[in-house]
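Architecture at a glance
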Amino acid sequence: MRLEQLRERLGAAGARPCHERHVLRAWSRALPLDSGPQRAEAYLPLRLRGDLAAIAAELAGLARLRSTHPGADGSSRLLVELADRQAVECVLLPGDGLCVSTQVGCAVGCVFCMTGQGGLARQLGSAEIVAQVALARSLRAVRKVVFMGMGEPAHNLDAVVEAIELLAAEGDIGHKNLVFSTVGDRRVFERLPRGSVKPALALSLHSTFAERRAKLLPRAPRIDPAELVDEGERYARATRYPIQYQWTLLDGVNDGDDEIDGIVRLLAGKYAVMNLIPYNAVPGLPFARPPVERLLTMARELNARGVLAKLRNSAGQDVEGGCGQLRARTITLAAVHA
């Protein structure tokens, strides 16, 4: 479902724009739809009040919790069932963050990612994206939303931007706490600067060498890493938020001295943070995370050479935390029992 369809549903129940905002605000914050400083009888139209229970049930059906998988690090991976019984994943991150999905599956085909192995099943509607936030907020406080779950947000740009705008306007989430993650797509750099909400931006880099990056991200747009960084720097300076560069560390693949030199060449002096993320092992894929000492050495050397680098814990490593693993296991079990 798209947010526009939801607004039409509310309009058919007699809601004016102010009433729509009231309901959308309550929903995105996981509050009762008739909650607010005034009694519903004094504010909401009679017909809308009569439909609220049915509307609440429809909204709850957009994203239902199928299973919860807590991690030892304070994260919790959620397997979420959509109205058509497709499933996506989101992750309650340590603290008050939430990672949401934007597609069922993904078309980029990153060779180290479980989601990428199955291809794209369908897009999520903007309301389905917001519904993940509402569901998570029914479990705990959420003050930051990162669009880094299943899917490539740039491939569902309209829906993701609509969700971002609603979460900023009605969901009480600051612009810099909405993080749009992408492998790099020129449409993103054209669209986001023109929006009413300018989210923080995370760029999945993974290599500074175009040929190596193309092998890791076989269906990502062919943008040279240097051009990608230049585009990111323009957005960072315009929004005054540093770009978060994502780098999944793969043992013997992109953890060498050549990549350290490449990162320094591209990012030294830039308004940027390099997030070094040790790989979450995926059964059946020929990749592993580098040894701990190598991880620490890379972070230390990059910081010493003028690149702000942070070694990030990959949330949910002990609960099949790699993107798409829970969904893949569910599909496999369903096939076995069919």
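A brief report on the enclosed structure follows. (Residues numbered from 1 in each chain as written. Predicted model: local features only at pLDDT ≥ 70, side-chain atom pairs only at ≥ 80, totals over all residues. Heavy atoms only, no water.)

1. Considerations on the environment of Thr208
Basically, it comes down to this: Helix and strand assignments come from DSSP, with helices taken as H or I runs of at least 4 residues and strands as E runs of at least 2, each series counted from the N terminus. By definition in these notes, contact holds between two residues if any of their heavy atoms fall within 4.5 Å. Any pair of nitrogen or oxygen atoms within 3.5 Å is treated as a polar contact; in protein, a donor-acceptor pairing is required on top of that, and neighbouring residues in sequence qualify only through side-chain atoms on both sides.
Of note, Thr208 is situated in the loop between strand S9 (200–204) and helix H9 (210–216). C-alpha of Thr208 to C-alpha of Ile260: the two residues are 52 residues apart in sequence and 8.9 Å apart in space. Excluding anything up to four places from it in sequence, Thr208 contacts Pro225, Trp247, Glu259, Gly262, Ile263, Arg265 and Leu266. Side chain to side chain, Thr208 and Glu259 meet in a polar contact 2.8 Å long.

2. What to know about a nonpolar patch on the surface
Where we set the bar: Patch construction takes residues with relative accessible area above 30% that form no salt bridge. Like charges are linked within 9 Å, and nonpolar side chains (Val, Leu, Ile, Met, Phe, Trp, Tyr) are linked within 5 Å. What sets the accessible areas is the Shrake-Rupley method with a 1.4 Å probe; for residues, cover comes only from the shown protein chains. One side-chain nitrogen of Lys or Arg within 4 Å of one carboxyl oxygen of Asp or Glu is enough to make a salt bridge.
On the surface, a nonpolar cluster with roughly 240 Å² of combined accessible area is contributed by Val292, Leu296 and Leu311. Structurally, Leu311 is set in strand S12 (residues 309–311).

3. Quick word on the packing of aromatic side chains
Rule in force here: For Phe, Tyr and Trp, rings pair up if their centres lie within 6.5 Å, where Trp contributes its six-membered ring, and each pair is then called stacked (planes under 30 degrees apart), edge-to-face (over 60) or tilted (otherwise). Any residue under 20% of the maximum accessible area for its type is buried, any over 50% is exposed, and the rest in between are partly exposed; the area is computed with a 1.4 Å probe on protein chains only.
Scanning all chains against the criterion turns up two aromatic pairs. With a centroid separation of 6.4 Å and 90° between ring planes, the pair formed by Phe112 and Tyr279 is classed as edge-to-face. Highlighted residues: Phe112 in the loop between strand S5 (103–105) and helix H5 (114–118) and Tyr279 in the loop between strand S11 (272–278) and helix H12 (292–304), separated in sequence by 167 residues. Given a relative accessible area of 3%, Tyr279 falls into the buried group. When the ring of Tyr279 is compared with that of Phe287, the centres are 6.2 Å apart and the planes differ by 75°; the resulting orientation is edge-to-face. Of the two residues examined, Tyr279 and Phe287, each falls in the buried class. Three or more aromatic residues joined by ring pairs form one cluster here, namely Phe112, Tyr279 and Phe287.

4. Observations concerning the pairing of strand S10 (residues 243–249)
Put simply, the test is: Should DSSP find at least two bridges between two strands, the strands are regarded as paired. Handedness of a crossover is defined as follows: with both strands directed away from the viewer, a clockwise route from the first strand across the helix to the second makes it right-handed.
Most of S10 is tucked away, with seven of its seven residues classed as buried. Of the two faces of S10, the one holding Ile243, Tyr245, Trp247 and Leu249 and the one holding Gln244, Gln246 and Thr248 are both buried throughout. As paired strands, S9 and S10 are joined by three bridges and run parallel to one another. Pairing of Ala202 across the sheet is with Gln244, part of S10. Here S10 runs beside S11; their pairing, made up of seven bridges, is parallel. Within S11, the residue paired with Ile243 across the bridge is Ala272. Following the backbone out of S10, through helix H11 (residues 257–267) and into the adjacent parallel S11, one traces a crossover that is right-handed.

5. Describing the pairing of strand S1 (residues 63–70)
With seven bridges joining them, S1 and strand S2 (residues 76–82) adopt antiparallel strand pairing. Counted as the bridge partner of Ala63 is Leu82 from S2. What sits between S1 and S2 in their antiparallel hairpin is a turn of five residues, with Gly74 showing a positive phi close to 95°.

6. Some thoughts on the sheet that holds S2
In plain terms, the rule: Note on geometry: axes are C-alpha line fits, over the in-contact stretch for helices, and angles between N-to-C directions span 0 to 180 degrees.
Taken in spatial order, the ten strands of this open sheet run S1-S2-S3-S4-S7-S8-S9-S10-S11-S12, and their pairing is mixed. In the strand order of this sheet, the two ends are held by S1 and S12, each with one partner. Shown here is a sheet whose adjacent strand axes are inclined to one another by a mean of 25°, direction ignored. The sheet strands contacting helix H6 (residues 126–137) are S1, S2, strand S3 (87–92), strand S4 (97–99) and strand S7 (144–147), and the helix crosses S1 at an angle near 55°. Sheet strands in contact with helix H10 (residues 225–239) are S9 and S10, and its direction is about 145° off that of S10.

7. Looking at the state of the cysteines
Cysteine pairs can be covalently joined through their sulfur atoms, and such a bond is termed a disulfide. For clarity, the threshold we go by: The criterion for a disulfide is a pair of cysteine sulfur atoms lying within 2.5 Å.
This structure, assessed with the given rule, holds zero disulfides. Free of any disulfide, Cys110 has its nearest cysteine sulfur in Cys113, 5.8 Å distant. The class of Cys110 is buried, set by a relative accessible area of 13%. By relative accessible area, Cys113 is classed as buried at 17%.

8. With respect to empty space enclosed by the protein
Our working rule: Think of a 1 Å grid over the protein atoms and nothing else: a 1.4 Å probe that fits but is trapped marks a cavity, an open set flanked by protein within 12 Å on at least five of seven lines marks a pocket, and residues with an atom within 4 Å of a point count as lining. Grid points are joined across faces, edges and corners, and a volume is the space filled by probe spheres set on the points.
Scanning all chains against the criterion turns up one cavity of 30 Å³ or more. In this model, the largest cavity occupies a volume close to 50 Å³. Around the largest cavity, the lining residues are Val161, Ile164, Glu165, Arg191, Leu192, Gly195, Val197 and Pro199.

9. Regarding H6
Rules: For a helix, the expected span equals 1.5 Å multiplied by the number of residues minus one.
The end-to-end C-alpha separation of H6 is 17 Å, in line with the 16 Å expected for twelve residues at 1.5 Å each. Among the twelve residues in H6, twelve count as buried, and that is most of the element. Listing the buried residues of H6 in full gives Ser126, Ala127, Glu128, Ile129, Val130, Ala131, Gln132, Val133, Ala134, Leu135, Ala136 and Arg137.

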